[in-house]
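Observations on the model geometry
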Amino acid sequence: MAQIGSWHGEPCLEVAGRRFVALAGEVHNSTSSDSEWMEAAWQRADELAITTLAVPVTWELMEPEEGSFDFSQVDSLISQARSHGGHLILLWFGTWKNAQGFYAPEWVKRDQKRFWRAEPIRGQRQIEIAHYHATYGTFSALSDETAAADARAFAALMRHLRELDGKAQTVVAVQVENECGLMCAAREHSELADRLFAQEEVPEALLGALKAHLEELPDDVRAVAGKAQAGSWEEAFGSNAAADELFQAWHTARFVEEVASAGRREYALPLLANCWLDKGKPAGSYPSGGPVVRMMPVWKVAAPSIDIICPDIYVRSFCDVCDSYRTEANPLSIVETATHSYLAPRAIWAICHHHAPIFAPFGFEEMGEPFTATQGFLFGMDTSDPALSRPQDPKAYRQTMECLQGLLDLEEGLSERARALDAVISERGLSQNLSFGAARLDAIFSEGVPGAVAVLPLEGSEDASVAEAYILASGASLSFASDVEDLPFAEVLSLEEGEVLHGQWKRGRRLNGDELQVLSCDEPTLLKVRIHLFG
């Protein structure tokens, strides 16, 4: 069974007892509902060297009538994945998809007395959202009936996965819901919600967690959490937007925990929860109550069955978001991100610097095609940076995936003390460096050209004057120098291009002369270098 393991002291995915890094892609929402569309998606994945697909499994198709389950969608998805030698991350579209109930079965949608809706405004279950030219409504996080029905369905799914796939381990993780939370308000305002806010005791475990992580909290949450005492939500935190979001986050996370724990009891695969980023805006302009980083301490207490909280990143500040979602308790994992021309360097950086166990661009099937206006808005196009509006080149992405897989295979073959894989990215500056042994690699990036460089040091010999490393470089010029004062000079003893076959380095060209003096890697390139340091 796939599980959360440990790699180099950090959480990782394990499949069949070995570390597993999902070089993945997420299909469009409706693709997984049709086997022909999925076959086309797998063919595209094969072209891009993507080996894991993140695919929705929907409550409406799996339980069309209450208590009657149809697993044909799941069975087809697993069968196709196996035929392509790939793996799956299943996305459970149950109560929430993008903070709405799109994928709930008809029998749930129609019975609003039993499965009642949230009221962002007292008495209003449908709200006009002017800038979307649409109305908004969603299920209440306070509905015990909805949580119980969702949990029964999710448990049935996980039980079926255990029976069908427990040995083959095609499915490596499952995401529980999709971008859950409440739009248009920081919390629900039904009669029940207002009564709970005024009277329900804040759980001691939550108060303790907030106090323990006080310095990590944003200013507005820290202000109310720092002085909070036992009492109701209103008594502990006051009447303000931060208090409202804490209340909504607790109840949303407890709802998700009921679903997740029911599934985990059947089959304990790694479980994920993803989030729509807050982007510094007020709760309700993003799904309030969802597992955004500002609410992560709440979620870690309220939903312990969720192993990894994943940011869906479509913003320009990709690197900052990655930094904030990687913690000791939460490995960075990305199940949705944009397919513009920063994609390939971001994959290198997320996997090699943050050691992300999952990296998946959304809608990879259309990679390389011009963006529509809707995609441009979603992907955060910025006219000051043309690279944000330029699609990722599919050939370069395939090369990147192949090089990344090769580098990861090489890393697995090294001893524990030698594993120090790291990377730099052009988004963090045009001149950066990485150390290996007593040597230093200097990476120079060009303005407007996305790039990244990763270095995997080889296990050092007893001779400190020699340093060796594997390098993955794309969109960068490289040079080498000494990183120690007593051996100030460095020269290249050998430099090779190559590839990795069956976990072993296979040398290509031996680079010297002009190629060594001006070492420019415009396309994704794997190198092996040996440096001599002297005084």
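Here we summarise the structure given alongside this text. The model shown is predicted, which means the values in this text are computed figures rather than measured ones.

Parameters and conventions
- Residues numbered from 1 in each chain as written.
- Predicted model: local features only at pLDDT ≥ 70, side-chain atom pairs only at ≥ 80, totals over all residues.
- Heavy atoms only, no water.
- Helix = DSSP H or I, 4+ residues; strand = E, 2+ residues; numbered from the N terminus.
- Contact = heavy atoms within 4.5 Å.
- Polar contact = N/O pair within 3.5 Å; in protein donor to acceptor, adjacent residues only side chain to side chain.
- Pairing = 2+ DSSP bridges.
- Axes fitted to C-alpha atoms, helices over the stretch in contact; angles between N-to-C directions.
- Core = buried A, V, L, I, M, F, W, Y, C linked by side-chain atoms within 4.5 Å.
- Buried < 20%, exposed > 50% of the residue type's maximum accessible area, 1.4 Å probe, protein only.
- Phe/Tyr/Trp six-rings, centres within 6.5 Å; stacked < 30°, edge-to-face > 60°.

Quick look at the environment of Arg 187 now. Checked against the element boundaries, Arg 187 lands in the loop between strand 9 (171-178) and helix 6 (191-199). In sequence terms Arg 187 and Tyr 325 are 138 residues apart; their C-alpha atoms lie 23 Å from each other. Apart from the residues within four sequence positions on either side, Arg 187 is in contact with Pro 120, Leu 182, Ala 193, Asp 194, Phe 197, Asp 244, Phe 247 and Gln 248. Within the local environment of Arg 187, its side chain forms a polar contact with the side chain of Asp 194, the two groups lying 2.8 Å apart. Separated by 3.0 Å, the side chains of Arg 187 and Asp 244 make a polar contact.

Before going further, it helps to examine the sheet that holds strand 14 (residues 431-436). The strand order across the open sheet built from 4 strands is 14-15-18-21, with neighbouring strands paired in antiparallel fashion. Of all the strands in the sheet, the pair left with one neighbour each is strand 14 and strand 21 (519-521). Across the sheet, the mean angle from the axis of one strand to that of its neighbour is 30 degrees, orientation sign disregarded. With 3 bridges connecting them, strand 18 (residues 476-482) and strand 21 associate as antiparallel partners. Across the sheet, the residue bridging to Ser 477 is Ser 520, located in strand 21.

Turning our attention to the nonpolar core. Residues Leu 53, Leu 88, Leu 161, Phe 237 and Trp 299 are the most contacted members of the largest nonpolar core, which totals 148 residues. Counting residues per element, this core draws most heavily on helix 10 (residues 241-266), at 12 residues. Each residue touching Trp 299, except ones within four places of it in the same chain, is listed here: Cys 180, Ala 249, Thr 252, Ala 253, Val 256, Ala 273, Gly 289, Gly 290, Pro 291, Pro 304 and Ile 309. The next biggest cluster of nonpolar side chains, apart from the first, holds 26 residues, and it includes Val 424, Leu 434, Leu 441 and Phe 480.

Let us now look at the side chain of Asp 442. By secondary structure assignment, the location of Asp 442 is in strand 15 (residues 439-444). In this structure Asp 442 comes out as buried when scored by relative accessible area, which is 17%. For Asp 442, the residues in contact, after removing those within four places along its chain, are Gln 432, Asn 433, Ser 477, Leu 478, Ser 479 and Ala 481.

Taken as a whole, this structure holds 13 aromatic pairs when the rule is applied. Plain terms: the ring middles of Trp 59 and Trp 107 are 6.1 Å apart, the flat faces sit at 85 degrees to each other, and that makes the pair edge-to-face. Of the two residues, Trp 59 is situated in helix 2 (residues 59-62) and Trp 107 in helix 4 (residues 106-110); the sequence distance between them amounts to 48 residues. One exposure class covers both Trp 59 and Trp 107, and it is buried. Ring geometry for Tyr 470 and Trp 505: centres 5.4 Å apart, planes at 45 degrees, overall tilted. Taken as a pair, Tyr 470 in strand 17 (residues 466-474) and Trp 505 in strand 20 (residues 504-510) lie far apart in primary sequence, 35 residues in all. Of the residues examined, Tyr 470 reaches a relative accessible area of 8% and is grouped as buried. Residue Trp 505 is classed as buried on the basis of its relative accessible area of 17%. An aromatic cluster is present here, built from Phe 197, Trp 233, Phe 237 and Phe 247 joined pairwise through their rings.

Next up on the list: unusual backbone geometry. For residues besides glycine, phi is generally negative; the peptide bonds are generally trans as well. A positive phi angle is found at Cys 184, which is not glycine, with a value near 80 degrees. With respect to the helices, strands and loops of the structure, Cys 184 is situated in the loop between strand 9 and helix 6. Residue His 502 is not a glycine yet carries a positive backbone phi of 55 degrees. Mapped onto the fold, His 502 is located in the loop between strand 19 (489-501) and strand 20. When its relative accessible area of 84% is taken as the criterion, His 502 is described as exposed.

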